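As a plain string of letters, each chain reads:
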Amino acid sequence: MSTKQIPSAIRRLPRRRAGLVAGALALGLAGAMSLQTVVPGQFALADPVRVETEAPQNFAPVVSAVKPAVVSVRVRTDETPRMMSSRDGGIPGFEDLPQDHPLQRFFRRFGGEPFGGEQRREQQPRRHGMSQGSGFFITGDGYLVTNEHVVANGKTFTVITDDGNEYEAKLIGADKRTDLALLKVDAEGQTFTYVEFAPEAPQVGEWVVAVGNPFGLGGSVTAGIVSARGRDIGAGPYDDFIQIDAPVNRGNSGGPAFNVKGQVIGVNAAIFSPSGGNVGIAFAIPASTASTIVKDLQKDGTVVRGWLGVQIQPVSKDIAESVGLKDAKGAIVADAQGDSPARKAGIRSGDTILSVDGQSVDGPRDLARMIAAYPPETEVTLNVWRDGREQDVKVILGRLQDDGPATAAVQPTGKDTAFVDSLGMELAAASAMGAGERGVVITDIPADSSAAEKGLQRGDVILEVAGQPVSDPGEVAGAALAASENGRKSVLLRVERNNASRFVAVPVDQNRG
């Protein structure tokens, strides 16, 4: 069975009758003579495209073979308990309520703290959350792959196989930067059906079959084609997604995308959807990336990456021309971080990195992936463009450290306002500024900031950040920080102005290689 898309054959046009040709020739001579019109006997036609490939009758053989290896993953999470409190001065909105007001008796009678009384804090019972995704076995003894965002903050993990059996699993390791995780089911005497990663990248137009757990339904199968490769969707520094048009919905995350040989070409990780449902654009982590990450997770429970320590950006045509480069390729160094391997090796601002150990660097993403693929303490040779000529610089790579917990930078600027460093704007709760009951209002924004360049202005109300409703500057800063920690280049804001809302992607402070 072929792995190519089956286009329709294009038949060659029939020959004209000799008389028609003669007439056309005469007409051509009456106007402007061309090479084709003077070919004796007929027009000169190039052979049309012809592809002799048969389509699969159906995907049943593939599905029946791989479906037992695909599982549903149920994750239980602990939610932080919420503290109930009432303070001197009353509940917001009722601070001036007189002590003899009937509402005071109402709150006393039904368990509320009397206004003006002592502060009381009560912890609610701990609650549990539940999320669902997909996964697939890669070994017969129970190792399975899913997305990191499926298992994030999970306390317990349950795997439900295609035949309905449930197994407890443990988390072996997870990698936030590539959104991959490895689980292990220990079932004595049990051998699981498993699948393998495809050894070669798929071609655009190739058939793809997605199997997973959309909306918790389990065992659902959809089909489509590979729409594109090498997509950068701003999910992280190592973006290299396969775009497919097989219908993928919530719950498909972590599930496999197969070729018609039953090999995994990618791990479904994201969808593009204004509504949250399928619109025919889904993204999968390539098998080449997944297989490498999974091996590291299986070996050490973590992914160890090389670290260069530079802030980089693409080489535009203008930059290439200004520094004397023939082609707009490579990654130009904006800054070499202090005490980094790059700084120690002599890499400096303005250097353009053209290759690593002879491998050409097309842009910042290429450089980030190349460096990350090396283990720490590896010596690499960087070919850089400096002062109008190429030169080689040897660098001993360090180890890329996972960032620990960080605090969003929020600087109070007044009673109700605060400046959010990562977005470069001053904010306040909309309710505090008389701008409505929802969202956070922009109270000041520098004209030269990235947010202002995106069209944001004073008075705009930010309703959501990265899909989450916000009500104070701290929540906005926290969401921007989370985006930066996850490697995103921008954070998506839903902004309201004059009773009309729109989405704006604002850059956050990151982009390191």
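Residues numbered from 1 in each chain as written. Predicted model: local features only at pLDDT ≥ 70, side-chain atom pairs only at ≥ 80, totals over all residues. Heavy atoms only, no water.

## So, the overall build of the chain
Broken down by element type, the chain carries 10 helices and 30 strands. Total accessible area on the chain is roughly 28,000 Å²; 49% of this is exposed by carbon and sulfur atoms. (Helix = DSSP H or I, 4+ residues; strand = E, 2+ residues; numbered from the N terminus. Areas by Shrake-Rupley, 256 points an atom, 1.4 Å probe, with all protein chains shown as cover.)

## Thoughts on the side chain of Asp-366
Assignment of secondary structure puts Asp-366 in helix H8 (residues 364-373). With relative accessibility at 17%, the residue Asp-366 sits in the buried group. A polar contact is formed between the side chain of Asp-366 and the backbone nitrogen of Asp-362, at a distance of 3.1 Å. (Buried < 20%, exposed > 50% of the residue type's maximum accessible area, 1.4 Å probe, protein only. Polar contact = N/O pair within 3.5 Å; in protein donor to acceptor, adjacent residues only side chain to side chain.)

## Thoughts on the environment of Ser-253
Residue placement: Ser-253 occurs in the loop between strand E11 (241-244) and strand E12 (256-258). Sequence spacing of Ser-253 and Gly-133 is 120 residues, and the spatial spacing of their C-alpha atoms is 5.4 Å. What Ser-253 contacts, discounting residues up to four positions off in sequence, is Gly-133, Ser-134, Thr-146, Asn-147, His-149, Val-150, Asn-268 and Ala-269. (Contact = heavy atoms within 4.5 Å.)

## Regarding the environment of Phe-272
Position of Phe-272 among the secondary structure elements: in the loop between strand E13 (264-271) and strand E14 (282-286). Given a relative accessible area of 48%, Phe-272 falls into the partly exposed group. With 11 residues separating them along the chain, Phe-272 and Phe-283 place their C-alpha atoms 8.1 Å apart. In contact with Phe-272, not counting residues within four places along its chain, are Val-279, Ile-281 and Phe-283.

## Some thoughts on unusual backbone geometry
In the Ramachandran plot, Asn-153 falls in the positive-phi region, its phi being about 65 degrees despite a non-glycine side chain. By the element assignment, Asn-153 lies in the loop between helix H4 (148-151) and strand E6 (154-160). Classification of Asn-153 by relative accessible area gives exposed; the value is 65%. Positive phi, normally seen in glycine, also occurs at Ala-466, with a value near 55 degrees. For Ala-466, the location among the structural elements is in the loop between strand E27 (461-465) and strand E28 (468-469).

## Notes on the pattern of salt bridges
Per the stated rule, a full pass over the model turns up 14 salt bridges. Arg-369 is the partner of Asp-366 in a salt bridge, and the nearest nitrogen-oxygen pair spans 2.9 Å. Note that Asp-366 and Arg-369 are positioned in helix H8 at a spacing of three residues, about one turn of the helix. With a shortest N-O distance of 3.4 Å, Glu-464 and Arg-494 are connected by a salt bridge. Placement of the pair is Glu-464 in strand E27 and Arg-494 in strand E29 (residues 490-497), with a sequence separation of 30 residues. (Salt bridge = Lys/Arg side-chain N within 4 Å of Asp/Glu carboxyl O.)

## As for H8
In terms of burial, H8 is largely enclosed, as seven of its 10 residues are buried. Taken together, the buried positions of H8 are Pro-364, Asp-366, Leu-367, Ala-368, Met-370, Ile-371 and Ala-372.

## With respect to the nonpolar core
In globular proteins that are soluble, nonpolar side chains generally tend to be buried together. Within the largest apolar cluster, 29 residues are counted, with the highest numbers of intra-cluster contacts made by Phe-136, Ile-138, Val-145, Phe-197 and Phe-258. Every element with two or more residues in this core is listed here: helix H2 (60-66), strand E5 (143-146), strand E8 (180-185), strand E9 (207-212), E13, E14 and helix H5 (287-300). In terms of residue count, H5 provides more of this core than any other element does, five residues in total. Residues contacting Phe-258, with those up to four places away along its chain left out, are Val-66, Val-70, Val-195, Trp-207, Val-208, Val-209, Val-211, Gln-263 and Val-264. Within the second largest apolar cluster, 23 residues are counted, among which are Val-470, Val-476, Leu-493 and Val-495. (Core = buried A, V, L, I, M, F, W, Y, C linked by side-chain atoms within 4.5 Å.)

## Quick look at the sheet that holds E11
The antiparallel closed barrel is built from six strands, whose spatial order is E9-E10-E11-E14-E13-E12. Across the sheet, the mean angle separating the axes of adjacent strands is 45 degrees when strand polarity is ignored. Strand direction decides the pairing type here: E11 and E14, joined by three bridges, are antiparallel. Bridged to Gln-243 within E14 is Phe-283. In the packing of H5 onto the sheet, the strands contacted are E13 and E14, and the crossing angle to E14 comes to about 50 degrees. (Pairing = 2+ DSSP bridges. Axes fitted to C-alpha atoms, helices over the stretch in contact; angles between N-to-C directions.)

## Focus: the packing of aromatic side chains
Enumeration according to the criterion identifies five aromatic pairs in this entry. Between Phe-59 and Trp-207, the ring centres sit 5.3 Å apart and the planes meet at 70 degrees, which makes this aromatic pair edge-to-face. Of this pair, Phe-59 sits in the loop between helix H1 (18-30) and H2 while Trp-207 is found in strand E9, placing the two residues 148 residues apart along the sequence. Ring plane angle 15 degrees and centroid distance 4.4 Å describe the contact between Phe-137 and Phe-192, whose orientation is recorded as stacked. Of this pair, Phe-137 sits in strand E4 (residues 127-137) while Phe-192 is found in the loop between E8 and E9, placing the two residues 55 residues apart along the sequence. Considered together, Phe-137 and Phe-192 belong to a single accessibility category, that of buried residues. Grouped by ring-pair contacts, the aromatic residues Phe-137, Tyr-167 and Phe-192 constitute a single cluster. One Lys or Arg, Lys-184, reaches over the ring of Tyr-143 and ends 5.3 Å from the middle of that ring. (Phe/Tyr/Trp six-rings, centres within 6.5 Å; stacked < 30°, edge-to-face > 60°. Lys NZ or Arg CZ within 6 Å of the ring centre and 35° of its normal.)

## Here we look at H5
When the terminal C-alpha atoms of H5 are compared, their 20 Å separation across 14 residues agrees well with the 20 Å that a helix rising 1.5 Å per residue should span. All of the buried residues along H5 are Ala-287, Ala-290, Ser-291, Ile-293, Val-294 and Leu-297. Next to the buried residues of H5 lie E5, strand E7 (166-175), E8, E13 and E14. Just past H5, the residue Gly-301 takes up positive phi, approximately 80 degrees. (Expected span 1.5 Å × (residues − 1).)

## So, the confidence of the model for the chain
Per-residue confidence for the chain averages 80 on the pLDDT scale, and 77% of its residues sit at or above 70. This model gives residues 80-96 a pLDDT under 50, and the stretch forms 34 contacts once residues within four places in sequence are excluded. Note that residues 106-123 has pLDDT below 50 and, in this model, 40 contacts with residues that lie over four places away or in other chains. (pLDDT = per-residue confidence, 0-100.)

## What about the pairing of E29?
Bridge count for E27 against E29 is four bridges, and the pairing is antiparallel. Residue pairing in the sheet places Val-461 in a bridge with Glu-496 of E29. Direction of pairing for E29 relative to strand E30 (residues 500-507): antiparallel, over a ladder of eight bridges. Residue pairing in the sheet places Arg-494 in a bridge with Phe-503 of E30. In this structure, the hairpin formed by E29 and E30 is closed by a connection of two residues, where Asn-498 is found at a positive phi of approximately 55 degrees.

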